[in-house]
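Tertiary structure, described
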Amino acid sequence: IWLVGAGIMLGKLCIRYFRFNRYVKRKAKSPAEEIKQKFHHQKTKLQIQKNIELKMLAEISSPALIASLKPTVLMPETIEANALEFGILHELTHYKRKDYLMVLLLHILSCMHWFNPVVWIAKKCILADMELVCDAQVAAHLTKKERRTYAQTLIGLPVDGNYKKLAVGMRG
């Protein structure tokens with residue numbers, strides 16, 4: 001029974017993962033040159049050398065780092081300048097912390113322990129903690145005025161449930 005349940009859960013996870021990646025490849029657009037420059041600037045600031053894709057997607061309302069072996073930062077097509085800067089910094093901080101790998105591990109563990117509610121609760125708590133730690137690390141690099149603006153930006157960004165289920169994304 002366990003093996004059947006784990007197989008079903010892993011199968012569902014893989015299907016969602018591949019569907020979402022295919023969806024992103026079809027629908028996501030390359031960002032404007034100005035946004036690419038801001039992205040590159042933040043990567044340099046965080047000392048990230050690896051090539052990380054940046055894509056714009058109309059169907060999302062807040063930035064996200066896709067949890068996969070080839071990380072991609074997704075940004076909403078319509079995003080304010082402050083939210084863009086902070087969103088890039090936040091998602092790249094997730095990348096630098098290797099949170100995307102932790103998310104993959106959590107999803108695989110929850111598939112293996114599909115029967116255990118403690119694992120599902122722990123997964124939700126860990127994802128929330130990862131967000132808080134990431135926010136704290138971002139805020140640590142900001143001035144007092146920037147921290148206030150960052151907090152106001154976070155309050156204004158919705159947690160988008162539409163892509164959360166598909167993306168195996170970072171927003172928990």
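Since this is a predicted model, take the numbers as computed values, not measurements. (Residues numbered from 1 in each chain as written. Predicted model: local features only at pLDDT ≥ 70, side-chain atom pairs only at ≥ 80, totals over all residues. Heavy atoms only, no water.)

1. Thoughts on the layout of surface pockets
Sizing a probe to match a water molecule and rolling it over the atoms shows the empty space that remains. Considered as a void within the structure, the second largest pocket measures approximately 250 Å³ in volume. Lining the second largest pocket are Y17, N21, V24, K25, A28, E53, K55, I66, S68, K70 and T72. When residues of the lining of the second largest pocket are assigned to their parent elements, the largest contribution, four residues, is made by helix α1 (residues 2-27). Considered class by class, the residues forming the lining of the second largest pocket number four nonpolar, three polar and four charged. (1 Å grid on protein atoms, 1.4 Å probe; cavity = no way out; pocket = protein on both sides within 12 Å on 5 of 7 lines; lining within 4 Å. Points joined across faces, edges and corners; volume = space filled by probe spheres on them. Helix = DSSP H or I, 4+ residues; strand = E, 2+ residues; numbered from the N terminus. Nonpolar A, V, L, I, M, F, W, Y, C, P; charged D, E, K, R; others polar.)

2. Section: the sheet that holds strand β2 (residues 64-66)
An order of β1-β3-β2 is seen for the three strands of this open sheet, with the pairing classed as mixed. Pairing within the sheet leaves two strands with one partner each, and these edge strands are β1 (53-57) and β2. Strand-to-strand twist in this sheet, taken as the mean axis angle between neighbours without regard to direction, amounts to 30°. The sheet contact formed by β2 and strand β3 (residues 72-76) spans three bridges and is antiparallel. From the neighbouring strand, I66 faces β3, where its bridge partner is T72. Strand contacts of helix α3 (residues 81-96): β2 and β3, with the helix running at about 160° to β3, the strand carrying the most contacts. (Pairing = 2+ DSSP bridges. Axes fitted to C-alpha atoms, helices over the stretch in contact; angles between N-to-C directions. Contact = heavy atoms within 4.5 Å.)

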